[in-house]
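Each chain, written out:
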Amino acid sequence: MLQKKGKIWYVVLNYKEGNKWKKKWISTGTPSAREAKRIEKDIEYKATEGIIKVKAEKDIPTLRAFFDQWMDVCVKPPSRKPATYENYKYVSNKICRSQGNMKVNRITPEILEKYIKEELAAGTSHTCIRLEYRVLKVALKSAVRWKLIAVNPCEAVDPPSPTPSPAKVATIDEVQQLLDTTSKDSVPINHLVICLGALAGLRRGEMCALEWADVDLDANILYIRHSMSRKDNDVLAGGTYYKVFHGQKSSLVMDKVKTDASAAPICIPSIVSDALHRMKLWQNKNRILLGQCYKDNDLVLCHEDGSPCEPSYIYHCFQKLLKANNFPHLRVHDLRHTAATLLLAQGVDIKLVSHQLRHSDVSITQNLYEHVTEKLARTSADAMDDLFRKAK
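Just so it is clear, the model here is predicted, and its values are computed rather than measured.

Visitor: Help me out: how do you make sense of the packing of helix 2 (residues 63–75) against helix 5 (residues 126–145) in this one?
Guide: Axes are the key here: two packed helices are described by the angle between their axes and the distance separating the axes. In the contact formed by helix 2 and helix 5, the axes pass within 10 Å of each other and the chain directions differ by 85°. As far as their axial angle goes, helix 5 and helix 2 are roughly perpendicular. Here L63, F66, F67, W70 and C74 of helix 2 lie close against helix 5, whose contacting residues are V135, L136, V138, A139, L140, S142 and A143. Classifying every residue of the contact of helix 2 with helix 5 gives eleven nonpolar, one polar and no charged.

Visitor: What exactly am I supposed to notice about the packing of helix 7 (residues 189–199) against helix 10 (residues 270–290) here?
Guide: Packing of helix 7 against helix 10 brings their axes to within 9 Å, and their N-to-C directions diverge by 155°. Considering the angle they form, helix 7 stands roughly antiparallel to helix 10. Classified by chirality, the crossing of helix 10 by helix 7 is left-handed. Between helix 7, through I189, H191, L192, C195, L196 and L199, and helix 10, the contact on the second element is made entirely by I271, V272, A275, L276, R278 and M279. Of the residues belonging to the contact of helix 7 with helix 10, the class tally is ten nonpolar, one polar and one charged.

Visitor: Would you mind going over helix 6 (residues 172–182) with me for this structure?
Guide: Helical periodicity: at 3.6 residues per turn, an α-helix aligns residues three or four positions apart in one direction. Within helix 6, the full set of buried residues consists of V175, L178, L179 and T182. Buried residues of helix 6, seen end-on, are gathered within an arc of 100° and therefore sit on one face of the element. Residues of helix 6 that are buried sit in contact with helix 7, helix 10, helix 11 (311–324) and helix 12 (332–345).

Visitor: Looking at this structure, how should I read the sheet that holds strand 7 (residues 243–245)?
Guide: The strands that make up a sheet pair up through hydrogen bonds in the backbone, lying either parallel or antiparallel. Strand order in the open sheet made by the three strands is 6-8-7, with antiparallel pairing throughout. Single-partner strands in this sheet number two, and they are strand 6 (226–232) and strand 7. For this sheet, the mean angle separating the axes of adjacent strands, direction not counted, is 25°. Where strand 7 lies against strand 8 (residues 250–256), three bridges are found, and the strand directions are antiparallel. Residue K243 lies in a different strand from strand 8, and its bridge partner there is M254.

The rules behind the values
Residues numbered from 1 in each chain as written. Predicted model: local features only at pLDDT ≥ 70, side-chain atom pairs only at ≥ 80, totals over all residues. Heavy atoms only, no water. Axes fitted to C-alpha atoms, helices over the stretch in contact; angles between N-to-C directions. Helix = DSSP H or I, 4+ residues; strand = E, 2+ residues; numbered from the N terminus. Parallel < 35°, antiparallel > 145°, perpendicular 65-115°, else oblique. Contact = heavy atoms within 4.5 Å. Nonpolar A, V, L, I, M, F, W, Y, C, P; charged D, E, K, R; others polar. Left-handed = near helix turned anticlockwise from the far one by under 90°. Buried < 20%, exposed > 50% of the residue type's maximum accessible area, 1.4 Å probe, protein only. Arc of directions from axis to C-beta. Pairing = 2+ DSSP bridges.

Nothing here speaks to function; it is geometry throughout.
Quick look at the structure:
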C-alpha cells in the first residue's frame, strides 16, 4: 500500500520475521500520486518474484559499512583504475562524515536534497557536489542490485548545475618572461616544465613520466606513453604498472596516460628541443659528479641525484617561481591551456591543435576553447571586410 510522509509517497510492504509481522517502508522518491502508484506496482511485483528481498532492519548496513563493502568489491583494483579507487575513496569518506551512520534504506531524496543545500551553504563547489552525487548514485545502484533497497533515491534528486570555469592562460609576453627568467637557473627543471607545458601542451603527470627513450631530438618528436602520480600502497596491490618508485606509505607510479588518444607522438618546437638538450647536459654532469650514487631512471625530469620529480614537486616549484617574479596565479595545467590558446590565436587549425593536445575528439578542443574560436571567427570576418575595402 501507499502512504505519504511529508511530500513523498512510500510503498509499505508487510513481511514476517519469525512469528511477527513487520512493515518495510520504501521511498518512491516522488510527490506525484500517479507516479507513486506506478512504482508501487513495480516494487510489489519485484517483492513477489523475490527480486527485492525484504530484509530486517538489523540486516541493513549503514552507508559507511555499505561504501566499504562496495569499494572493496566493485571499485578496488583491478576492478577499476587505481586513480578511480582513490577518488571514490576520498568522495565516499567526505559523504560519510555527515551521512555515514545512516542506514542505507533510510536515505531519501529529501535527505539528499538537504545534504546538497548544506554543502552549497558551506561553500563546496558545484563540481565537487556533482562528483559526490555521481559516486553516491553509482554506489546505490549496486545497493538496488544487492536488494538492500528497492529504489535509488538519487534518481529523484537533481545535482546543482555545472558552473563553467574558464581556464586561465598566460600571454605571449608572460610566457616569454617566464622562459627568460628560468633560462638563467642553474637547475633547468622549471625552464623545461614551462617549455613542455606552454610550448608543447603536456600535462603535469606526463612531464614527470617522460623518459629519454620517448624523446627523438633529431626529429623533434616526443612520444607520450605514460603519466606519473602518487598512490597509496594499499591501492597498488593487484595492479600492473609500468614503473613503481616505492615509498613507505605511498609510491610514485608510472602508468598509462589518461586516454588512448593521449598516447601519441607530438612534434615540438626547437625551443623545447634546446631545453631538453640543456637538461641532458645537466644530468650527464650530475652522473659524473655522483658516480654510483646517481640513480639512473632514464627520466627526463629528475632531481640532481636522478630520483623522479613527482607532480606535487613540479606544482610547488612553479608556484614559488610565480610568487618570486610577481606573476599572477596559474596552475601548471594552465600552461597546457596557454599552449592551445596561443596556437589557435596564431591561426593553427583546430584539428592540429587537438592532435597536439591529444584529445580523443576534436569536439573536446572546440568546447574547451570556444571563447578563442569565437574571437577568431570575428577576425576572419574582419579580414574579409579589409580585403574588399582594399578592392574598392
